[in-house]
Amino acid sequence: MMKSNRLQQFLIPLLAVLLGMIAGSIVMLASGYNPIAGFYALVYGAFGDTYYIGETIRQTTPYILTGLAVAFAFRTGLFNIGVEGQLIVGWLAAVWVGVSFDLPKIIHLPLALLAAALAGALWGLIPGVLKAYLKVHEVIITIMMNYIALHVTNAIIRSVLSDEGFKSKPVKESASLHSDFFDAITHHSTMHYGIFIAVAAAFVMWFLLERTTKGFELRAVGFNQHASQYAGMNVRANIILAMVISGAFAGVAGAMEGLGTFGNISTKAGFTGLGFDGIAVALIGGNNAFGILLSALLFGALKVGALEMPSSAGVPTELVDIIIALIIFFVASSYMIRWLLSRWQKGAE
């Protein structure tokens, strides 16, 4: 039975991706496009050469961290819709430190990352306190705080960080995550050292939740607040701590963009989408730290590979978005596939 369950855990995601590709193929055929050429362009655009591989890993990096932010909140009984706002304020804090100080790299870069984590944690602290003490639902507060983050950061960029009115100065080299080594081996892609930070963050989340007493407390409060309080746990403190840690992961995701991908911050007309995509990354990864590494890679490959489909296969951008959404839908529906397989097995017995 255990071997059968392990086999299902391996096969079901593959089956889900296959079903998504079949659905995408039907859409392309119905629209008059070649699905073989379309999916070849998708795969080639993600992994076809070292440049594309570098871009895929770069895109995967913030997805890992936003997925961890959402998953950490989920595992502790909270729904953090505010990852997008926490990412934006983390991005701003990292760039502000990266622009404002002249320090050795061994101090400057960690300081910028710490500033991003603290900014994201602060943005998570507010809904955590309101949830713990006033029972205000975290979904409502975090959604509103996304908009506050977007417009406040735009105002700060224009008034404090920018000489041009819409973009900050580049972060100093001592605070940059840029890698000359990755630049050379990936033909000048934007891949940077942040991937190591993201993978380390996944390990930190796993260790904290699965191997520490505090992690057990956080999960226990998420399962049942009343039982946890009866057992002597401080429910309010654990709710606040969970939102703070979740926000810190999101803030570091912002630092990946500010110190790595772009090296600056500019005003935004709308949200980046990274925080909202993190919800899907977390769900597809089963809210498991190591599952999130794989689901983030899937998202990164789809986002980067899709850019090749219009030019190589002639598939319109709008149709590409539909195909990507279908693949994600079937992967996210793996629970339904698992249920159908279990019903089929029971019927066969």
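Definitions and limits used
Residues numbered from 1 in each chain as written. Predicted model: local features only at pLDDT ≥ 70, side-chain atom pairs only at ≥ 80, totals over all residues. Heavy atoms only, no water. UniProt positions renumbered as here; feature names shortened; annotations may be inferred. Phe/Tyr/Trp six-rings, centres within 6.5 Å; stacked < 30°, edge-to-face > 60°. Helix = DSSP H or I, 4+ residues; strand = E, 2+ residues; numbered from the N terminus. Buried < 20%, exposed > 50% of the residue type's maximum accessible area, 1.4 Å probe, protein only. Lys NZ or Arg CZ within 6 Å of the ring centre and 35° of its normal. Contact = heavy atoms within 4.5 Å. Expected span 1.5 Å × (residues − 1). Arc of directions from axis to C-beta. Salt bridge = Lys/Arg side-chain N within 4 Å of Asp/Glu carboxyl O. Patch = residues over 30% accessible without salt bridge, like charges linked within 9 Å, V, L, I, M, F, W, Y side chains within 5 Å. Areas by Shrake-Rupley, 256 points an atom, 1.4 Å probe, with all protein chains shown as cover.

- An unreviewed UniProt entry annotates the chain as Branched-chain amino acid ABC transporter permease of Geobacillus thermopakistaniensis.
- Its UniProt record, at the heading Subcellular location (unreviewed entry), says of the chain: "Cell membrane".

A few points about the packing of aromatic side chains
Point 1. If you walk through the whole model with that rule in mind, you get 19 aromatic pairs.
Point 2. Note on tyrosine 44 and tyrosine 52: the rings are 5.5 Å apart at their centroids and 70 degrees apart in plane angle, and the pair reads as edge-to-face.
Point 3. Measuring from centroid to centroid gives 5.6 Å for phenylalanine 203 and tryptophan 206, while their planes differ by 40 degrees, and the two rings are tilted. Taken together, the positions of phenylalanine 203 and tryptophan 206, both in helix α8 (residues 194-211) and three residues apart, correspond to about one turn of that helix.
Point 4. Judged by relative accessible area, phenylalanine 203 falls into the partly exposed class, the value being 44%.
Point 5. Among the aromatic residues, ring-to-ring pairing joins Tyr40, Tyr44, Tyr51 and Tyr52 into one connected group.
Point 6. We note lysine 268 situated over the ring of tryptophan 91; from NZ or CZ to the ring centre the distance is 4.0 Å.

Topic: the environment of glycine 254
Point 1. Within the secondary structure, glycine 254 sits in helix α11 (residues 235-261).
Point 2. Along the backbone, glycine 254 and valine 83 are 171 residues apart, and their C-alpha atoms lie at a distance of 9.9 Å.
Point 3. In this view, glycine 254 contacts Leu87, Gly90 and Trp91; residues no more than four positions away in its chain are not counted.

Here's the deal with α8
Point 1. In a regular helix each residue adds 1.5 Å, so 18 residues correspond to 26 Å; α8 covers 25 Å between its end C-alpha atoms and thus fits that length.
Point 2. Here α8 has its buried residues at Gly194, Ile195, Ala198, Ala201, Ala202, Met205 and Leu209. Down the axis of α8, the buried set is contained in an arc of 115 degrees. They therefore lie on one face. Along α8, exposed side chains directed more than 90 degrees from the buried face belong to Phe196 and Arg211.
Point 3. In the core, the buried residues of α8 are packed alongside α3 (50-75), α9 (213-223), α11 and α13 (289-305).

Regarding the pattern of salt bridges
Point 1. In this structure the tally under the stated criterion is six salt bridges.
Point 2. Notably, a salt bridge pairs arginine 75 with glutamate 210, separated by 2.5 Å at the nearest N-O pair. Remark: glutamate 210 occurs in helix α8 and arginine 75 occurs in helix α3; sequence separation between them is 135 residues.
Point 3. For lysine 131, the salt bridge identified is with glutamate 138, shortest N-O distance 3.1 Å. You'll find lysine 131 and glutamate 138 in the same group, each marked buried.

Topic: a nonpolar patch on the surface
Point 1. Taken together, the side chains of Trp96, Phe101, Ile106, Ile107, Leu111, Leu114, Leu118, Ile148, Val152, Ile156 and Val160 define a hydrophobic patch exposed on the protein surface, amounting to about 1000 Å² of accessible area.
Point 2. Listing elements by their share of the nonpolar patch, those giving two or more residues are α5 (105-134) and α6 (138-161).
Point 3. Among the elements that take part in the nonpolar patch, α5 stands out by supplying five residues, more than any other.
Point 4. Mapped onto the elements, isoleucine 107 comes out in helix α5.
Point 5. Given a relative accessible area of 46%, isoleucine 107 falls into the partly exposed group.

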